[in-house]
Amino acid sequence: MKVLADKITESVEETVELGETLADVLKGKRGTFVAMYGDLGTGKTAFTRGFCSRLCPGDRVFSPTFAIINEYVSGDIPVYHFDVYRIEDDDDLYSTGFYEYIDREDGIILCEWSENIPYAIPQNRIEVRIEKCDPVNYPDRRRIQINEFN
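Every chain is numbered independently, its residues counted from 1 as its sequence is written. A pLDDT threshold of at least 70 governs which residues receive local features in this predicted model, and a stricter bar of 80 or more applies before side-chain atom pairs are shown or counted, although totals over entire chains, interfaces and linings include all residues. To get the side-chain values, take all heavy atoms of the structure and skip hydrogens and water.

Q: Requested: an account of the packing of aromatic side chains, with residues and values cited.
A: Pairing of aromatic rings covers Phe, Tyr and the six-membered ring of Trp, with a centre-to-centre limit of 6.5 Å; geometry is then stacked below 30 degrees between planes, edge-to-face above 60, and tilted otherwise. On inspection of all chains with the given rule, the structure shows seven aromatic pairs. Ring geometry for Phe-33 versus Phe-98: centroids 6.0 Å apart, planes at 80°, classification edge-to-face. Residue Phe-33 is located in strand S2 (residues 33–37), and its partner Phe-98 is located in helix H4 (residues 98–103); the two are separated by 65 residues in the primary sequence. Seen from their ring centres, Tyr-94 and Tyr-99 are 6.5 Å apart, and the 35° between their planes marks the pair as tilted. Using a 1.4 Å probe on the protein chains alone, a residue whose accessible area is under 20% of its type maximum counts as buried, one over 50% counts as exposed, and one in between counts as partly exposed. For Tyr-99, a relative accessible area of 26% translates into the label partly exposed. Taken together, Phe-33, Tyr-80, Phe-82, Tyr-94, Phe-98, Tyr-99 and Tyr-101 form an aromatic cluster joined through their ring pairs. A cation over a ring is seen here: Lys-44 above Trp-113, with NZ or CZ 4.2 Å from the ring centre. Charge-over-ring contacts are defined here by two conditions on Lys NZ or Arg CZ: a distance within 6 Å of the ring centre and an angle within 35 degrees of the ring normal. Across from the ring centre of Phe-149, 4.2 Å away, lies the NZ or CZ of Arg-125, which sits over that ring. Strands are runs of DSSP state E lasting at least 2 residues, helices are runs of H or I lasting at least 4, and numbering of each runs from the N terminus.

Here it is as structure tokens:
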């Protein structure tokens, strides 16, 4: 494991900026899988919005909770944004086309709620873990850890 970042963000904007920073690091690294972990409302979609703003400028980013996947393709490197919150088993996951996307080498996959599909997460991946630090006193403060596994 290689630590890429361990940051505290104080606002949604800072979370978006950290997503932009990761996108800058991964430019040109097609076939990368980014596994995202975090509870409801921690900022996974805000992080993704920042990430996509660098690779697919102009695309409107929103959580694909009901669609399961959104494709952002306005840039040179497509981003495939999965939200597997509603996935209950491997049959559900298979029916989304998830495994076909993993085999593709043309873009980058961002997968929210990766904790729901531990059996399907590639060994070579980037992990983004987002957690609220002190939701009562600092509602926008997040700890974001980004690690690379090869």
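Q: I'd like a description of the state of the cysteines, backed by residues and values.
A: Two cysteine sulfurs form a disulfide in these notes if their separation is within 2.5 Å. Tallied over the entire structure, the rule returns zero disulfides. With no disulfide of its own, Cys-56 lies 5.4 Å from the sulfur of Cys-52, the closest cysteine sulfur.

Q: Residue-level account of helix H2 (residues 44–55), with values.
A: Spanning 12 residues, H2 covers 17 Å between terminal C-alpha atoms, matching the ideal 16 Å at 1.5 Å per step. In terms of burial, H2 is largely enclosed, as nine of its 12 residues are buried. Within H2 the residues assigned to the buried category are Lys-44, Thr-45, Ala-46, Phe-47, Thr-48, Gly-50, Phe-51, Cys-52 and Leu-55. The span expected for a helix works out to 1.5 Å for each residue beyond the first.

Q: Residue-level account of the nonpolar core, with values.
A: We call a set of buried residues a nonpolar core when its members are Ala, Val, Leu, Ile, Met, Phe, Trp, Tyr or Cys and they connect through side-chain atoms within 4.5 Å of each other. In this structure, Leu-22, Val-34, Phe-47, Phe-51, Val-79, Val-128 and Ile-146 are the most contacted members of the largest nonpolar core, which totals 23 residues. Looking at this core, the elements that each hand over two or more residues are helix H1 (12–26), S2, H2, strand S5 (108–112), strand S6 (125–134) and strand S7 (138–149). Only heavy atoms matter for contacts: two residues are in contact if any of them lie within 4.5 Å across the pair. In this structure, Val-34 is in contact with Leu-22, Leu-26, Ile-108, Ile-109, Leu-110, Cys-111, Ile-126 and Val-128, ignoring residues within four places of it in sequence. Membership of the second largest hydrophobic core comes to 18 residues, among which are Phe-33, Tyr-37, Ile-69 and Trp-113.

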